[in-house]
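Now for the letters of each chain:
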Amino acid sequence: DYIEAAKQPAILYLYTGRPAYLRFALAAQRRIFDHHMLIDGIPSTSEWYRTTTSLDSHETCDITDHTWAWGYMLMATGDGIWGDRIERACFNAGFGAIKKDWKALQYFSCPNQFLATLNSDHNFPDRDSDLRGGRQMAYQPNPGQKTACCGGNVHRLFPNYVIRMWMKDANGGVAATLYGPSRVKTTVGAEHQEVEIVQETDYPFGEEIHFTINAKQAVSFPLSLRIPAWCAAPKILINGKSVSLPEIKKGFVVLDREFRPADTITLILPMKVAVTHWPQNGIGIEHGPLVYSLGIKEQWTSTIEPNYSTAEYPSWSATPESPWNYGLAIDPERLMSQVKLQRKPMTPDPWVDPPVALVVPVKKIEDWELQSNPDNADDKFTPPLPDLSASKISQEVERVTLVPYGSTHLRVTIFPKVSAG
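This section reports on the structure supplied with the text. (Residues numbered from 1 in each chain as written. Predicted model: local features only at pLDDT ≥ 70, side-chain atom pairs only at ≥ 80, totals over all residues. Heavy atoms only, no water.)

1. Looking at the side chain of Ser224
What counts here: Secondary structure elements are defined from DSSP: runs of H or I of at least 4 residues count as helices, runs of E of at least 2 residues count as strands, and each element is numbered from the N terminus. Residue exposure (1.4 Å probe, protein chains only): buried if accessible area is under 20% of the type maximum, exposed if over 50%, otherwise partly exposed. Contact criterion: two residues are considered in contact whenever any of their non-hydrogen atoms come within 4.5 Å of each other.
Relative to the elements of secondary structure, Ser224 occurs in strand E10 (residues 219-226). Classification of Ser224 by relative accessible area gives buried; the value is 9%. Those residues in contact with Ser224 that sit more than four places away from it in its chain are Asp169, Val174, Ala175, Ala176, Phe252, Val253 and Val254.

Rendered as structure tokens:
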């Protein structure tokens, strides 16, 4: 309800131009980003905004609605930061809540989910038990059942991304606001000349974005390109030759010039490894717009529930089939030497077979185990991060491969931070 209401002042500002509406819209969003944002780009929204631990969750419908609202913020402010927020949420939280065959989704998903079954929901502790249980974290075709909000909204998520990939500005120009393979046909410049711009890229896995200008004749107009805030050293090439980077204003650079038919513009966004810190001695790792996780091998079990699932679209429970109980043994001051980036050619489905990975050092936390419901030992739950002062930590340093968050079903994203030695 909050984010549905919070988008309204941005829409009113677009129609009226009244500054008070924009101030209210920005203040409403600031509250979210100051207090509730999770590593995957969506705030903790398990009905109410909550804290930012590894177990705080969000509904899948909230991924759609927050990115939808941020699209209006992008339109109202002209600030690229809202494009940054949309891409982070879509590439990480969005794909991370969906079964990769697109036949099921989660009602609740979160940074750390070591199992996702019909009784593994760790949200909302009640008065009688330390853990709630319930079906909301399993992968289901209609995980809300009677409410059905997530199944009804998941189809909007990526169309919302696509319709905001290109925008026009007030000066007869075009803005590339969200990146991905695409083409746009529009009119530009004072004389409203027709132009087609083709975008080719492996982004967010690759660093290069190529634009080709198709027009019947030379045409002058401003072309705006979003520079994500995480990118410290962007570069631009025109027809293969490096040009000076224009000043970045509100997250965009503007190429205001005459373009000739078949001109090419290449935007290079070098990606670096970065770490973020989270409650309970948690640490996460990122590379460019992607958050990285330890993907846990799943053991899938299907269930057919009359009125809610079928043999073709069953409900799915996933339990862990590979080790997950690791602490991240890195020194943030020595990331470049401790984290190895692996690349391979683009794959047919990069969310199933990612073309990028990070190899990182870890230590096993031997007594970090799944939690059990004290009232029912068969109910297992993803545990919180362990208290390392009372944990048994192996001194052997192992190396594991992290993959993009959006390519996982079960994952460790917020790791306990252990000593690097």
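2. Topic: empty space enclosed by the protein
Short version of the rule: Definitions used throughout: a 1 Å grid over protein atoms alone; a cavity as a set of points that fits a 1.4 Å probe which cannot get out; a pocket as an open set with protein on both sides within 12 Å along at least five of seven lines; a lining residue as one with an atom within 4 Å of a point. Grid points are joined across faces, edges and corners, and a volume is the space filled by probe spheres set on the points. Under the convention adopted here, Pro, Cys and the residues Ala, Val, Leu, Ile, Met, Phe, Trp and Tyr are nonpolar, Asp, Glu, Lys and Arg are charged, and Gly plus all remaining residues are polar.
Counted according to the given criterion, the structure contains 1 cavity of 30 Å³ or more. Reported here for the largest cavity is a volume of approximately 30 Å³. Lining the largest cavity we find Thr67, Trp68, Ile86, Cys90, Leu157, Asn160, Tyr161, Arg164 and Leu178. Residue assignment for the lining of the largest cavity shows that the elements contributing at least two residues are helix H3 (60-77), helix H4 (81-96) and helix H6 (157-163). The leading source of residues in the lining of the largest cavity is H6, at 3 residues. Considered class by class, the residues forming the lining of the largest cavity number 6 nonpolar, 2 polar and 1 charged.

3. Some points on the packing of aromatic side chains
The criterion, for reference: Working definition: a ring pair exists when centres of Phe, Tyr or Trp rings (six-membered ring for Trp) sit within 6.5 Å. Plane angles under 30 degrees give stacked, over 60 give edge-to-face, the rest tilted. Criterion for a charge above a ring: Lys NZ or Arg CZ within 6 Å of the ring centre, and within 35 degrees of the ring normal.
Within this structure, the stated rule accounts for 21 aromatic pairs. Summarising the aromatic geometry, the rings of Trp324 and Trp368 are spaced 5.1 Å apart at their centres and angled 75° between planes, so their arrangement reads as edge-to-face. Taken as a pair, Trp324 in the loop between strand E19 (315-320) and strand E20 (326-328) and Trp368 in the loop between strand E22 (356-364) and strand E23 (371-373) lie far apart in primary sequence, 44 residues in all. The same class applies to Trp324 as to Trp368, namely buried. One aromatic cluster is present, built from ring pairs that chain together Phe91, Phe95, Trp102, Phe158, Tyr161, Trp166, Tyr179, Tyr203, Phe205, Phe211 and Trp351. If you follow Lys7 out to its NZ or CZ, it ends over the ring of Trp68, 4.8 Å from the centre. For Arg411, the ring lying beneath its charged end belongs to Tyr405, and the centroid distance is 4.0 Å.

Purely geometric stuff here, so don't read any function into it on its own.
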